[in-house]
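In case you want the letters, here they are:
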Amino acid sequence: QVQLVESGGGLVQAGGSLRLSCAASGRISSNYAMGWFRQTPGKEREFVAAITWSGGSTRYADSVKGRFTISRTNAKNTVYLQMNSLKPEDTALYYCTAELSNYMTTRVDEYDYWGQGTQVTVSS
């Protein structure tokens, strides 16, 4: 079993920055991709970014390209999401996720483990 714990969410003004972190623990037997999704009430969970085990490949939603950066430190089993130039529409509950085939899918149902989420609120 794998546990994912997010941190770093909060309230920020539009144009500001936040850095989310997600620490993985438990029995992980493969090189796994990690990703971030977000969700607002009444809407589907949407893909934000993903990164392969090596960190050599990343993938972003069009809505965050050029503003968000995903990275990871495997020695610490941690993935990060640096969010710059935040907009009110970025307000959501952000979830960390892991995919055990090391595949940067954008599909919610193809990820294997999920964290509990961390709230990001951007005020205008």
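Please read these numbers as outputs of a predicted model, since none were measured by experiment. (Residues numbered from 1 in each chain as written. Predicted model: local features only at pLDDT ≥ 70, side-chain atom pairs only at ≥ 80, totals over all residues. Heavy atoms only, no water.)

### Points about the pairing of strand β8 (residues 78–83)
Thought 1: For β8, a buried count of 5 out of 6 residues is recorded, marking the element as mostly surrounded by other parts of the structure.
Thought 2: In this sheet, β8 lies alongside strand β3 (residues 18–26) in antiparallel orientation, the contact comprising 6 bridges. Bridging across to β8, L18 finds its partner in M83.
Thought 3: In this sheet, β8 lies alongside strand β7 (residues 68–73) in antiparallel orientation, the contact comprising 6 bridges. Opposite F68, over in β8, you have M83 as the bridge partner. (Buried < 20%, exposed > 50% of the residue type's maximum accessible area, 1.4 Å probe, protein only. Helix = DSSP H or I, 4+ residues; strand = E, 2+ residues; numbered from the N terminus. Pairing = 2+ DSSP bridges.)

### Comments concerning the state of the cysteines
Thought 1: Under the definition given, this model contains 1 disulfide.
Thought 2: Each sulfur of the disulfide joining C22 and C96 lies 2.0 Å from the other. Looking down the S-S bond of the C22 and C96 bridge, the torsion is -80°, so its handedness is left-handed. Of this pair, C22 sits in strand β3 while C96 sits in strand β9 (residues 92–99), placing them 74 residues apart in sequence.
Thought 3: Judged by its relative accessible area of 0%, C22 falls in the buried class.
Thought 4: Judged by relative accessible area, C96 falls into the buried class, the value being 0%. (Disulfide = S-S within 2.5 Å.)

### Side note on the nonpolar core
Thought 1: The biggest cluster of nonpolar side chains holds 33 residues, and the ones touching the most others in it are L4, M34, W36, L81, M83 and Y94.
Thought 2: Those elements that place two or more of their residues in this core are β1 (2–7), β3, β4 (33–39), β5 (46–51), β7, β8, β9 and β11 (118–123).
Thought 3: Ranked by residues supplied to this core, first place goes to β5 with 5 residues.
Thought 4: Apart from residues no more than four positions distant in its own chain, M34 is found in contact with L4, C22, A24, A49, A50, I51, I70, R72, V79, C96, T97 and A98. (Core = buried A, V, L, I, M, F, W, Y, C linked by side-chain atoms within 4.5 Å. Contact = heavy atoms within 4.5 Å.)

As far as function goes, none of this settles anything; it's purely spatial.
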